[in-house]
Amino acid sequence: MKTVLVFLEQREGVIKQASIDTWNHVQELVALRPGVAVSGILAGPARTLQLEGLLAGTGVIFHANEEAFRLYNPRRYARLVAETMRREGATSLFFADTALSRDLAPRLSVRLQASLLSGTPFDKGKVDDSGCARLVYSGAAIASFASERALNIFIATSRQTSFTTTFGAQISVVVLEPSMVTDDDLFPMVSSITMHKGMRDVAEATIIVAGGRGMGSSGGFCLLEELALLLGGAVGASRPVVDEGWRPHAEQIGQTGKTVAPVLYLACAISGAPQHLAAIGSAGTVVAINRDPHAPIFDVADYGIVGDVHLVLPKLIEELQDFLQKR
Ligand SMILES: Cc1cc2nc3c(=O)[nH]c(=O)nc-3n(C[C@H](O)[C@H](O)[C@H](O)COP(=O)(O)OP(=O)(O)OC[C@H]3O[C@@H](n4cnc5c(N)ncnc54)[C@H](O)[C@@H]3O)c2cc1C
């Protein structure tokens, strides 16, 4: 049986939502292919391994439950994943597209002599071990990427939040034997910085409430924070907002910011410049609020509200609070 491996990334002992989404999408892909098994690899202690209701499908998770893997260490992680790939005879390896995987996946590509496709949009159903399609040049063109046929192993990092709702999971966890961690492990990550505690990273959020220059000031973002909190989402920003210093660069979405793939993207007072749209191509539903009916954002929006954000947003928040209270 062919084995596909999914890397489950944890931070502070919690498996990242982006990794859960990747696992679930890989399950959807392999469901169409008999004779393919999905396994997971989890490095570092996890606070809880209650995977029921999180992970879909069937599979085994290999867990390196050691302190040495708590923080990302490139060599250690690469060795662990490469060894697991070899031991399980896996031919494909999937990652969520995160800062960690952007470092680890190329290392493994070299180490395993594997073909690497990064930032693949899973949702189009086009990614498999033969290739994928992706928007390039700020969304002006679609490029097709094919994996190198001569190489037997295929690695992909994907951007996609999950729409999976069916869980009939049969997941078992196998704790790996303690590894021989050696002192030659260079480049350890000594600490991690958590920005805006409590708020999700835009790159991983399923709901993003993003604001543009039309929000007027940093104070204008209080409305967006309130809305994001009600929806359980993250606040995002366009570049001028970050340039003005209203929001941190970590929240910038676009060509020179982060690429996102939420289920819902709410664009508030954002005009819809190509450099911004380039990063939201994988969003599920786009809702735009803009006082200019001709703003380009409406060309890509599924729902549009023509109006002033300072009037529309308070009303939206009020209605949402009412709705949530009645539930
Ligand atoms: C190399 C390069 C890289 C770039 N990278 C990025 C990037 O990563 N991310 C990014 O976002 N941009 C990027 N840009 C900038 C990009 O070209 C646009 O300038 C930018 O996206 C515009 O941001 P905005 O929509 O917030 O502002 P604007 O274009 O000024 O639009 C503001 C919008 O708000 C609306 N508005 C104003 N007031 C209100 C109100 N009260 N209620 C409702 N609507 C209102 C206006 O009608 C307008 O549509 C880049 C540009 C270059 C050249």
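Preceding block: the structure.
These remarks concern the structure in this document.

About the criteria used
- Per chain, the residues get numbers from 1 upward, laid out in the order the sequence is written.
- Confidence filtering applies because this is a predicted model: local features only for residues at pLDDT of at least 70, side-chain atom pairs given and counted only at 80 or more, and all residues used for totals across whole chains, interfaces and linings.
- No hydrogens and no water enter the side-chain calculation; it runs on all heavy atoms of the structure.
- For this analysis, a salt bridge means a side-chain nitrogen from Lys or Arg found within 4 Å of a carboxyl oxygen belonging to Asp or Glu.
- Only rings of Phe, Tyr and Trp enter the pairing, Trp through its six-membered ring, and a pair is recorded when the two centres are within 6.5 Å. The plane angle decides the type: under 30 degrees is stacked, over 60 is edge-to-face, the rest tilted.
- The rule is short: NZ of Lys or CZ of Arg within 6 Å of the ring centre and within 35 degrees of the ring normal puts a charge over the ring.
- Each residue is tested against the molecule or strand, and it is near if at least one of its non-hydrogen atoms lies within 4 Å.
- Any N or O atom pair separated by 3.5 Å or less is treated as a polar contact, with the protein-specific requirement of one donor-capable and one acceptor-capable atom, and with residues adjacent in sequence counted only for side-chain atom pairs.
- Residue burial considers only the protein chains on display, and all accessible areas are found by Shrake-Rupley using a 1.4 Å probe.
- The method works on a 1 Å grid over the protein atoms by themselves. A cavity is a set of points holding a 1.4 Å probe that cannot get out, a pocket is an open set with protein on both sides within 12 Å along at least five of seven lines, and residues with an atom within 4 Å of a point line them.
- By definition, a pocket or cavity contains a molecule when more than half of the molecule's atoms lie within 2 Å of the pocket's grid points.
- In this description a helix means any DSSP run of H or I spanning at least four residues, a strand means any run of E spanning at least two, and both kinds are numbered starting from the N terminus.
- Lys, Arg, Asp and Glu make up the charged group, whereas Ala, Val, Leu, Ile, Met, Phe, Trp, Tyr, Cys and Pro make up the nonpolar group; the residues left over, Gly among them, are polar.

By the definition in use, this model includes 11 salt bridges. Ionic pairing is found between Glu251 and Arg247, a salt bridge with its closest N-O pair at 2.7 Å. Overlapping salt bridges bring together Glu9, Lys16 and Glu204 as one network.

A separate point is the packing of aromatic side chains. Within the structure shown, the criterion is met by five aromatic pairs. Considering the side-chain rings of Tyr72 and Tyr77, the 5.0 Å spacing of their centres and the 90° angle between planes classify their relative orientation as edge-to-face. Through a chain of ring-to-ring contacts, the aromatic side chains of Phe7, Phe69, Tyr72, Tyr77 and Phe95 assemble into a single cluster. The lysine or arginine in question, Arg87, covers the ring of Phe62, its NZ or CZ lying 5.2 Å from the ring centre.

Neighbouring the ligand are 25 residues, the closest being Arg213, Ser238, Thr256, Ser271 and Asn290. Backbone polar atom of Gly257 to an oxygen atom of the ligand: 3.4 Å apart, as the coordinates give it. Contact between the ligand and Ala269: an oxygen atom at 3.1 Å from a main-chain N or O atom of the residue. The fraction of the free accessible surface of the ligand (980 Å²) that becomes covered by protein chains is 76%. Here the ligand occupies the second largest pocket. Of all elements in the fold, only α5 (239-243), α6 (274-277) and α8 (309-326) reach the threshold of two or more residues within the shell around the ligand. In the shell around the ligand, the residues fall into six nonpolar, 14 polar and five charged.

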